[in-house]
Amino acid sequence: MRFGFTADQRELAVAVREILTSELTPEVRASGAEASGRRGPVWKALSEAGVFGLLVPEEHGGLGLNELDSVLVLEELGLAAAPGPVAETAFVCAPLLSDRPGFADGAVAAVAAEAGGYLPDADVADVLIVLEGEQARVIAAGGELTGQPTVDPSRPLFTLPAASGEPLDGGAALRDRAVLASAAQLVGASQHLLDAAVEYAKTRKQFGREIGSFQALKHQLADLMLDVEFARPLVYRAAYSLAEGKSTASRDVSAAKVNAAQAAEHAARTAIQVHGAIGYTDELDLQYWLKRVWWLVPSWGDAIAHRARVAAAVIDAGATMRTP
Amino acid sequence: MDLTLTPQEESFRAAAREWLEAHVPAKPLASLDTQEGFEAHRVWEHELHAGGWAVVSWPEEYGGKSASLVEWLIFEEEYYRVGAPRRVGQNGIFLLAPTIFEFGSEEQQKRILPRMANGDEIWSQAWSEPGAGSDLAAIRSTASKVDGGWVLNGQKTWSTRAVFADWAFGLFRSDPEAPRHAGLTYYLFPLSAKGVTVRPIRQLDGEAGFAEVFCDDVFVPDQDVLGVPGSGWKVAMSTTGSERGLTLRSPGRFMASTDRLAALCREGDRVDPTLRADVAQAWIDAEAYRLYTFGTVGRMLAGESVGAESSLNKLFWSELDIDITQTALRLLGPRGVLGADAPDAEGQWLADFLFALAGPIYAGTNEIQRNVVAERVLKLPKGA
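All values reported here derive from a predicted model rather than from experimental measurement. (Residues numbered from 1 in each chain as written. Chains lettered and ligands numbered in written order. Predicted model: local features only at pLDDT ≥ 70, side-chain atom pairs only at ≥ 80, totals over all residues.)

Caption draft 1: Examining the overall build of chain B more closely. Across its full length, chain B carries eleven helices and eight strands. Taken over C-alpha atoms, the radius of gyration comes to 21 Å for chain B, in line with the 21 Å a tight globule of 384 residues would show. Counting every position in chain B, which comprises 384 residues, the buried fraction comes to 47%. A separation threshold of at least 6 residues defines the contact pool for chain B, and within that pool the share at least 24 residues apart is 70%. (Helix = DSSP H or I, 4+ residues; strand = E, 2+ residues; numbered from the N terminus. Rg over C-alpha atoms; globule rule 2.2 N^0.38 Å. Buried ≥ 20, exposed ≤ 12 C-beta atoms within 10 Å, placed from the backbone. Contact = placed C-beta atoms within 7 Å.)

Take a look at the structure:
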């Protein structure tokens, strides 16, 4: 029994963090989705680091790794609120399409959504996957997309007229990976919001002292840390269950999404409150993480939907076994 | 990452399960906060010890099995799964013993630990005072040096099961001139000693689970000082690390209770989406606690210390325990307030709920734990 990561798995995440720290400058971020998304320097650097080939088999030029090897990378993408369909391409879609050219090196981008749902960053994607129940269909880009302006300029959303596409196997697994990807990014984003709020509380002064010395703020921040710390292990475990093909994988990704979504909503709320009025402006970069959270929480099912999935497994099916 | 168990760990689990299923009393024992129940639980401790299962993580020479941390977690899972009796000796076994292993002399370890392990000596904590609760360093009970030992005076309170227990471990002010954290010493004394008076205090459930302990010129020989005189605060903080960290509330307890909660919901006649969501959330949180504990075990095996992060642990399990038991009471509706001996009662949920309510108070209130997390983990500035 070992609940931790190998040196290789941690080093991969560190490499991604270094790229995101050096390439995703405030200027790149502020320049908008198209420039900083898949056509920008961040996408290029992540391609060179092999991020897009993580789940692509070696015979197709990828690294042939699994969900567990990649989950820390997803967390980093959330920690940085990285723009562009990176997680969607590399993690959600690539395993279904990896025999097609361009997936191992980030030459193509792909996004996915539930039928009738919103496709993020579809304007920069080459391939769209729509999931109806457990049936995935692939739709070539270039169709008629309708832009749906949102609160978050760094994550544009689109709808697609009902279109029939080529059926693909692996829809259920795609959904589980999409849920895990949203949960892992939410944990990363929550950690950033906690860090930012703590940092602000240590420097901002009122009544002649740092506001972080007041117990009312201390307890808010401690409670937030509690939520983040007890969401993260569920995410890691879900990645393990997917990588190992465990029978409980769907239940486990749902459990991860429940606590990750709750932690993230809590993080967004607390970060604004701790920052006060400046937290309510778009002059502060904090907004990118807040808005990423508000998008990721409902995407691929919110906490309510996933709690119901866990209830069905644990209460109705009696699937209470912890480690199959 | 690998959540599977080794063949050795699997056979440890099988042996624990086999023994427990053969020995756990079919009928629940009387409450351990009554004289009759206390003695019945002591008999159970004797039986556990005779089977070799009382203190699995201790070395063999003190009655243990030298079990690894993972094996200890497995034993706890099995213990709670089968619904075995509460551990009447837990304050000694889980709180004092780790401190004795760390600070006790060899003589103390050899003298004290075997009799703690077999249940002959049940220990009670004598820390809090009427004026020293969360502010533990405000202790005013005194210890004065005399020839061959110390003389204790003062009043302790909220001492769990001191009415029936044999020994107490307590903090006393041994140097009134020293700064308040530096003048404390950790003493061990029998509750039958001359000058000790114990007054029971009934808890919310009506039973004498608490006591006040009055010390009037109680002589304690030098051999019953734990650690160096004046180092009581440091020794005590080691105990709180055990209290808040791994040993007090193992994941097995919450895994078993959330599985029972899921069964209660499945079999009950009250179907409501909100209640189902609460049951699922409790189950998820128990799973989160189990996995978080695996992470802690991994860090400990790598030689890292847990430190102030144990406060996160304590916050989480104490809130979770209330969530679980309160959800059970909601599922039961009006039956939830029935005592376990009522004809219509279903299980121990009310008793478990009342017990859970104490969680955010004992072992350092949750307000203190939030301060610890904020100041020592998040490094926020100290308050006024």
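Caption draft 2: Up close: the packing of helix 10 (residues 249-275) of chain A against helix 8 (residues 273-301) of chain B. Where helix 10 of chain A meets helix 8 of chain B, the closest approach of the two axes is 10 Å, and the angle between their N-to-C directions is 90 degrees. When the axes of helix 10 of chain A and helix 8 of chain B are compared, the pair comes out roughly perpendicular. Contacts between helix 10 of chain A and helix 8 of chain B pair A:A255, A:V258 and A:N259 from the former with B:I284, B:E287 and B:A288 from the latter. In terms of residue class, the contact of helix 10 of chain A with helix 8 of chain B is made up of four nonpolar, one polar and one charged. (Axes fitted to C-alpha atoms, helices over the stretch in contact; angles between N-to-C directions. Parallel < 35°, antiparallel > 145°, perpendicular 65-115°, else oblique. Nonpolar A, V, L, I, M, F, W, Y, C, P; charged D, E, K, R; others polar.)

Caption draft 3: Representation of the sheet that holds strand 4 (residues 135-140) of chain A within the structure. Residue and element names in this part refer to chain A. One open sheet holds the four strands; their spatial order is 1-3-4-7, and the pairing between them is mixed. Strands at the two margins of the open sheet, each flanked by one partner only, are strand 1 (110-114) and strand 7 (166-168). Put simply, the sheet's adjacent strands are angled 30 degrees from each other on average, direction ignored. The sheet contact formed by strand 1 and strand 3 (residues 127-132) spans five bridges and is parallel. Its bridge partner lying in strand 3, A110 is registered against V127. Lying on the sheet, helix 6 (residues 86-97) is in contact with strand 1, strand 3, strand 4 and strand 7; it crosses strand 1 at an angle near 85 degrees. Contacting strand 1, strand 3 and strand 4, helix 7 (residues 171-203) crosses the sheet at an angle of about 105 degrees to strand 3. (Pairing = 2+ DSSP bridges.)

Caption draft 4: Quick peek at the interface of chain B and chain A. Between chain B and chain A, the contact holds 38 residues from the first and 39 residues from the second. At the level of elements, helix 7 (251-267), helix 8, helix 9 (310-332) and helix 11 (366-377) of chain B are the ones that each hand at least two residues to the side of chain B that touches chain A. When residues of the side of chain B that touches chain A are assigned to their parent elements, the largest contribution, 15 residues, is made by helix 8 of chain B. Here the residues of the side of chain B that touches chain A are counted per class, giving 25 nonpolar, five polar and eight charged.

Caption draft 5: Unusual backbone geometry, seen in detail. All names here are of chain B. Unlike most non-glycine residues, R161 shows phi in positive territory, near 60 degrees. On the secondary structure map, R161 appears in the loop between strand 3 (149-156) and strand 4 (167-173). Unusually for a residue other than glycine, K379 sits at a positive phi of about 60 degrees. Inspection of the secondary structure puts K379 in the segment after helix 11. Owing to 10 C-beta atoms within 10 Å, K379 belongs among the exposed residues under this scheme.

Caption draft 6: Main features of the nonpolar core. Counting 149 residues, the largest nonpolar core has A:I129, A:A183, A:L221 and A:V235 as its most contacted members. In terms of residue count, the dominant contributor to this core is helix 7 of chain A (16 residues). Excluding residues within four positions of it along the chain, A:A183 makes contact with A:V235, A:A238, A:V253, A:A256, A:K257 and A:A260. Grouped together as the second largest cluster of nonpolar side chains are 67 residues, B:V88, B:L171, B:V218 and B:A236 included. (Core = buried A, V, L, I, M, F, W, Y, C linked by C-beta atoms within 7 Å.)

Caption draft 7: Broad picture of the packing of helix 10 of chain A against helix 11 (residues 286-296) of chain A. Residue and element names in this part refer to chain A. Between helix 10 and helix 11, the shortest axis-to-axis distance is 9 Å and the interhelical angle comes to 150 degrees. Of the possible angle classes, the one that applies to helix 10 and helix 11 is roughly antiparallel. Note on packing geometry: the crossing formed by helix 10 with helix 11 is left-handed. Across the interface between the two elements, A264, A267, A268, A271, I272 and H275 from helix 10 touch L286, L290, V293 and W294 from helix 11. The residue makeup of the contact of helix 10 with helix 11, split by class, is nine nonpolar, one polar and no charged. (Left-handed = near helix turned anticlockwise from the far one by under 90°.)

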